[in-house]
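# Descriptive structure summary
Below are the chains, spelled out letter by letter.
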Amino acid sequence: MQFKLTEEHEMIRKMVRDFAQNEVAPTAAERDEEERFDREIFDKMAELGLTGIPWPEEYGGIGSDYLAYCIAIEELSRVCASTGVTLSAHTSLAGWPIYKFGSEEQKQKYLRPMAQGEKIGAYGLTEPSSGSDAGGMRTTAKLVGDEYIINGSKIFITNGGIADTYVVFALTDPESKQKGTSAFIIESDFPGFSVGKKEKKLGIRSSPTTEIIFDECRVPKENLLGKEGEGFKIAMMTLDGGRNGIAAQAVGIAQGALDASVNYAKERVQFGKPISAQQGIGFKLADMATGVEASRLLTYQAAWLESAGLPYGKESAMSKLFAGDTAMKVTTEAVQVFGGYGYTKDYPVERYMRDAKITQIYEGTQEIQKLVISRMVTK
Ligand code: CAA
């Protein structure tokens, strides 16, 4: 057993940490306040190769692995969780299903420009009446001649409106529900595709979340991803890996809040000594640090399993569950360590706390993670 990262992983961590500190952190609070996505940051990530970390060079990636990808999401989220999720949805929700299920032609046409950061990816599964019950979707896709005609809408789409390429799930055989679901690659300029309402959110405010609408949307039949009827499995398998990206985001948020708390607690003097030297705060910092470390180990383990080609669905649900809950606890405690100052926008911990909440909700709520884990441990 080996707990040391490889030189390549250490190098990627250092590169992303420097980039995050110098290029992402300075505007994080302002972008949060203005709910503003910054394409320049995405373009700079592309220049560094971050938009295609796990994909082979033949598809425009840098040929690294899922652990390197998780380290990158963690380091970005340590300063800005919105930037973390932009990259996470782009890579594991949109890139992954194309990499795993796409034809050679689809990979060259869609994965390559996404890996190189020329195009942004997004994933559309959730609908107004089907969230946790993803199999209850209503969007339909009907084959007419050489095209599928898609009708319906999807909500809560990360990267909605800024993405060029959407991996979307629709019913090709509505009677068969999950077994009648198919996956499609949809370009934002296909006729009948439009972007609807942009959500105003509690956290990750510089990551746009929108509705996407299909009104007789015409999709060439070669844009079917995988086979007809395979869509639900593709959606589920995509989320197996995606969830670990969210775990990495949660680890980053928690680490950022812990760093800020430690620095503040060492400087803030009350009752004649730094509050870090007072047990009430010292013990809090100890619990926070332990939670972050345990979350990181679970997350890296799941990423390692995926990179090694071993089963990782249960571990990924566990990492998302544990790291998401830890991020919420750690960021709430961080605000407590800062006291009244923590409740203001003068310090970043209130933003970390708002950003942490979504890690308990998206890519499957914590309750859905427990369902997935309990099914796997009892089967
Ligand atoms: N891998 C492969 N196949 C899987 C699978 C997986 N992880 N999970 C399920 N399947 C297969 C099953 O084996 C079954 O196939 P068979 O009948 O051939 O055996 C089929 O899919 C149906 O599975 P279930 O009976 O388990 O389906 P279900 O309706 O009970 O749903 C669920 C299972 C786990 C609750 C699922 O609906 C689920 O994950 N819900 C949560 C959805 C979710 O995470 N949404 C987040 C959207 S993305 C997002 O958050 C936005 C963003 O952009 C960040």
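Residues numbered from 1 in each chain as written. Predicted model: local features only at pLDDT ≥ 70, side-chain atom pairs only at ≥ 80, totals over all residues.

## Topic: the overall build of the protein chain
To keep things clear, this is the line we draw: Strands are runs of DSSP state E lasting at least two residues, helices are runs of H or I lasting at least four, and both sets are numbered from the N terminus onward. Only C-alpha atoms enter the radius of gyration, while the globule expectation follows 2.2 Å times N to the 0.38, with N the number of residues. Buried residues are those with 20 or more other C-beta atoms within 10 Å of their own C-beta, exposed residues have 12 or fewer, and partly exposed residues lie in between; C-beta atoms are placed from the backbone. Think of it this way: build a C-beta for each residue from its backbone, and any pair within 7 Å is a contact.
Of regular secondary structure, the protein chain possesses 10 helices and 10 strands. In terms of overall size, the protein chain behaves like a compact globule, its C-alpha atoms giving a radius of gyration of 21 Å where 379 residues would be expected to give roughly 21 Å. Based on the C-alpha atoms only, the size of the protein chain along its principal axes is roughly 80 × 45 × 45 Å. For the protein chain, with 379 residues in total, the buried portion stands at 51%. Residue pairs at least 24 apart in sequence account for 74% of intrachain contacts in the protein chain once pairs closer than 6 positions are excluded.

## Focus on the nonpolar core
Put simply, the test is: For the purposes of this analysis, a nonpolar core is taken to be any set of buried Ala, Val, Leu, Ile, Met, Phe, Trp, Tyr and Cys residues that are connected through C-beta atoms within 7 Å.
With 110 residues, the main nonpolar core has Ala72 and Phe184 as its most contacted residues. If near-sequence neighbours (up to four positions away) are discounted, Ala72 is found in contact with Ile12, Val16, Leu50, Ile53 and Leu87.

## Quick notes on the domain arrangement of the protein chain
What counts, and what does not: Boundary definitions for the domains trace back to an automatic or database domain assignment. Gly is placed with the polar residues, together with every amino acid not listed as nonpolar (Ala, Val, Leu, Ile, Met, Phe, Trp, Tyr, Cys and Pro) or charged (Asp, Glu, Lys and Arg).
Partitioning the protein chain into domains gives domain 1 (7–119), domain 2 (122–229) and domain 3 (232–378). Centre-to-centre separation of domain 2 and domain 3, based on C-alpha positions: 30 Å. On the domain 3 side, the residues contacting the 14 residues of domain 2 number 10 residues. Taken together, the residues that form the side of domain 2 that touches domain 3 break down as 8 nonpolar, 6 polar and no charged.

## Thoughts on the UniProt feature "domain: Acyl-CoA oxidase/dehydrogenase middle" (unreviewed entry) in the protein chain
Our working rule: UniProt positions are given in the numbering used here, feature names are shortened, and annotations may be inferred rather than shown by experiment.
The UniProt feature table records "domain: Acyl-CoA oxidase/dehydrogenase middle" (unreviewed entry) at residues 122–217. Overall, residues 122–217 shows 0% helix and 51% strand. The separation of its end C-alpha atoms is 17 Å.

## Regarding helix α6 (residues 231–267)
As a reminder, the rule being used: One less than the number of residues in a helix, times 1.5 Å, gives the span that helix is expected to have. What we call the bend at a residue is the angle made by axes fitted to the seven residues finishing there and the seven residues starting there.
The terminal C-alpha atoms of α6, which comprises 37 residues, lie 54 Å apart, in line with the 54 Å expected from a rise of 1.5 Å per residue. Along its length, α6 reaches its greatest deviation from straightness, about 30 degrees, at Asp240. Within α6, 28 of the 37 residues are buried, which leaves the element mostly enclosed by the surrounding structure.

## Quick notes on the pairing of strand β2 (residues 140–144)
Basically, it comes down to this: Any two strands between which DSSP finds at least two bridges are classified as paired.
Relative to strand β3 (residues 147–158), β2 runs antiparallel, the two sharing 5 bridges. Its bridge partner being in β3, Ala141 is matched across the sheet by Ile150. Counting the residues in the hairpin turn of β2 and β3 gives 2 residues, including Gly145, whose phi is positive at 65 degrees.

## A look at the UniProt feature "domain: Acyl-CoA dehydrogenase/oxidase N-terminal" (unreviewed entry) in the protein chain
When the UniProt feature table is mapped onto this chain numbering, "domain: Acyl-CoA dehydrogenase/oxidase N-terminal" (unreviewed entry) sits at residues 6–118. In the segment residues 6–118, helix accounts for 73% and strand for 0%; the C-alpha atoms at its two ends are 29 Å apart.

## Describing the environment of Glu147
Within the secondary structure layout, Glu147 lies in strand β3. On the basis of neighbour count, Glu147 is assigned to the partly exposed category, with 18 C-beta atoms found within 10 Å. Spatially, the C-alpha atoms of Glu147 and Val24 are 42 Å apart, while their sequence positions differ by 123 residues. Apart from the residues lying within four places of it in its own chain, the contact partners of Glu147 are Arg218, Val219, Pro220 and Lys221.

## Examining the confidence of the model for the protein chain
As a reminder of what qualifies: What pLDDT conveys is the predictor's confidence in a given residue, as a value from 0 to 100.
When the pLDDT values of the protein chain are averaged, the result is 98; 100% of them are 70 or greater. At the level of chain-chain contacts, confidence expressed as ipTM amounts to 0.98, with global pTM at 0.98.

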